[in-house]
Amino acid sequence: MKIVLLGAPGAGKGTHAVRLSDDYGIPHISTGDIFRANLKNGTELGKKAKSYMDQGLLVPDELTVDLVLDRLKQDDCKNGWILDGFPRNLFQAEALTKALADEGGLDYAIHLTIEDEQIVKRMAGRRVCSVCGASYNTNGLMPRVDGVCDRCGGPVVQRADDAPETVLKRLAVYHEQTEPIVEYYREIGKETPVDGSLPMDETYALLVALLGEKDGCHDQD
Ligand code: AMP
């Protein structure tokens, strides 16, 4: 099952992708997580990506597209994957379509829909594990032990780019550059809207209803 999760920053892509990955046994590939890991490890890619990320801007396509397409060729991707945060503009969407042309293309481009106002509220409360990327929120699910990830024991922190002024910039970039790809996927018959404004468990139930029960999914693997 090859899935792209679309939606504004804060729509819940990361949270749902982590859960879908666990439940359906396919890798979660987050470009944001890849860049953050590079940043933390002080790699050349991390150094180049940093200034864009700090400003809430997109990292240039030449640093992003091959990175993802190479990742999709790895062994663990042969039964499918969940892409979170890629594609982020039309160029990236077209590059992905081209790369998948020989293998039947995507199964779903799931669009998590939500209003900006709710996003701003959600992102003010968002906390993430700096090791595995699991998401928490002060308005909802928080780790059982304060500051410690339930999933991997890593530190749970606020992302630097979740500061209010950077959130507004990221939303503007989303509307300008990423939203047009919703239309792109609609035109090629792949866009599937799912209400991302509901409590996380309710949105997740809609995703499972769409993708089919988990056991059925494992049988196909
Ligand atoms: P995210 O964790 O998906 O919100 O991404 C965090 C930041 O990483 C974004 O604000 C961008 O600066 C960068 N980024 C993530 N994915 C992409 C992408 N597909 N293209 C360009 N920049 C990206």
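Here's a quick rundown of the structure. Residue positions are counted from 1 within each chain, in the order its sequence is given. The predicted nature of this model means local features are confined to residues of pLDDT at least 70 and side-chain atom pairs, given and counted, to a pLDDT of 80 or more, with totals for whole chains, interfaces and linings taken over all residues. With hydrogens and water excluded, all non-hydrogen atoms of the structure serve as input to the side-chain values.

**Some remarks on the sheet that holds strand β1 (residues 2-6)**
Pairing between strands is defined by DSSP: at least two bridges between them are needed. A helix here means a DSSP run of H or I that spans at least four residues, while a strand means a run of E at least two residues long, and both kinds are numbered starting from the N terminus. With parallel pairing, the 5 strands of this open sheet are ordered in space as β2-β3-β1-β4-β8. Each edge of the sheet is formed by a strand with only one pairing partner; in this case those strands are β2 (28-30) and β8 (191-195). For this sheet, the mean angle separating the axes of adjacent strands, direction not counted, is 25°. Examined bridge by bridge, β1 and strand β3 (residues 81-84) share 4 bridges and lie parallel to one another. Considered in β3, the bridge of Ile 3 is made with Ile 82. Only heavy atoms matter for contacts: two residues are in contact if any of them lie within 4.5 Å across the pair. Angles shown run from 0 to 180 degrees and are taken between the N-to-C directions of axes, each axis being a line fitted to C-alpha atoms and, for helices, limited to the stretch in contact. Set on the sheet, helix α1 (residues 13-24) makes contact with β1, β2, β3 and β4 (108-113); between it and β3 the angle comes to about 170°. Packed onto the sheet, helix α2 (residues 31-40) meets β2 and β3 and runs at close to 65° relative to β2.

**Points about the packing of aromatic side chains**
Any two aromatic rings considered together are summarised by their centre-to-centre distance and by the angle between their planes. Planes of paired rings set the category: under 30 degrees apart is stacked, over 60 is edge-to-face and the rest tilted, where pairs are Phe, Tyr or Trp rings (Trp by its six-membered ring) whose centres lie within 6.5 Å. Overall, the coordinates contain 1 aromatic pair when judged by the stated rule. Think of it as a cone above the ring: NZ of Lys or CZ of Arg counts as a charge over the ring if it is within 6 Å of the ring centre and within 35 degrees of the ring normal. Sitting over the face of the ring of Tyr 204, Arg 19 holds its NZ or CZ atom 4.0 Å from the ring centroid.

**Examining the state of the cysteines**
Cysteine sulfur atoms that come within 2.5 Å of each other are treated as a disulfide pair. Inspection of the entire model under this criterion finds 0 disulfides. Cys 129 provides the cysteine sulfur closest to Cys 152, a residue in no disulfide bond, and the two sulfurs are 3.6 Å apart. Relative accessible area serves as the criterion here: at 38%, Cys 152 is assigned to the partly exposed category. A simple rule labels every residue: compare its accessible area, found with a 1.4 Å probe on the protein chains alone, to the largest value its type can have, and call it buried under 20%, exposed over 50%, or partly exposed in between.

**Here we look at a negative patch on the surface**
For patches, a residue must show more than 30% relative accessible area and have no salt bridge; joins then use 9 Å for like charges and 5 Å for nonpolar side chains, namely Val, Leu, Ile, Met, Phe, Trp and Tyr. Surface exposure here means Shrake-Rupley accessible area, sampled with a 1.4 Å probe, where a residue is shielded only by the protein chains that are shown. Take a side-chain nitrogen of Lys or Arg and a carboxyl oxygen of Asp or Glu: if they are within 4 Å of each other, that pair is a salt bridge. Charge assignment: positive for Lys and Arg, negative for Asp and Glu; neither His nor the chain ends contribute. Charge coordinates come from a single atom per side chain, which is NZ of Lys, CZ of Arg, CG of Asp or CD of Glu. Taken together, the side chains of Glu 115, Asp 116, Glu 117 and Glu 179 make up a negatively charged region of the molecular surface. You can see Glu 117 is positioned in helix α6 (residues 116-125). Given a relative accessible area of 65%, Glu 117 falls into the exposed group.

**Remarks on the nonpolar core**
A general trend in soluble globular proteins is that nonpolar side chains are found buried together. Core analysis: the largest hydrophobic core is formed by 43 residues, its most contacted members being Val 4, Leu 72, Trp 81, Leu 83, Leu 96, Ile 110 and Tyr 185. Every residue in contact with Trp 81, bar those within four places of it in the chain, is listed here: Met 1, Lys 2, Ile 3, Val 4, Ile 26, Pro 27, Ile 29, Leu 72, Leu 96, Leu 100 and Leu 106. What makes a nonpolar core is a set of buried Ala, Val, Leu, Ile, Met, Phe, Trp, Tyr and Cys residues whose side-chain atoms join them at distances within 4.5 Å. Counting 6 residues, the second-largest nonpolar core is a separate cluster that includes Leu 45, Met 53, Val 59 and Leu 63.

**Focus: the sheet that holds strand β7 (residues 156-157)**
In a beta sheet, neighbouring strands are held together by backbone hydrogen bonds and run either parallel or antiparallel to one another. The 3 strands lie next to each other as β6-β5-β7, forming an open sheet whose pairing is antiparallel. The sheet is open, and its two edges are formed by β6 (135-137) and β7, each paired on a single side. With 2 bridges connecting them, strand β5 (residues 126-129) and β7 associate as antiparallel partners. Paired with Val 128 across the strands is Val 157, a residue of β7. Relative to β5, α6 is tilted by about 50°, and along the sheet it contacts β5 and β6.

Worth remembering: the numbers are spatial, not functional.
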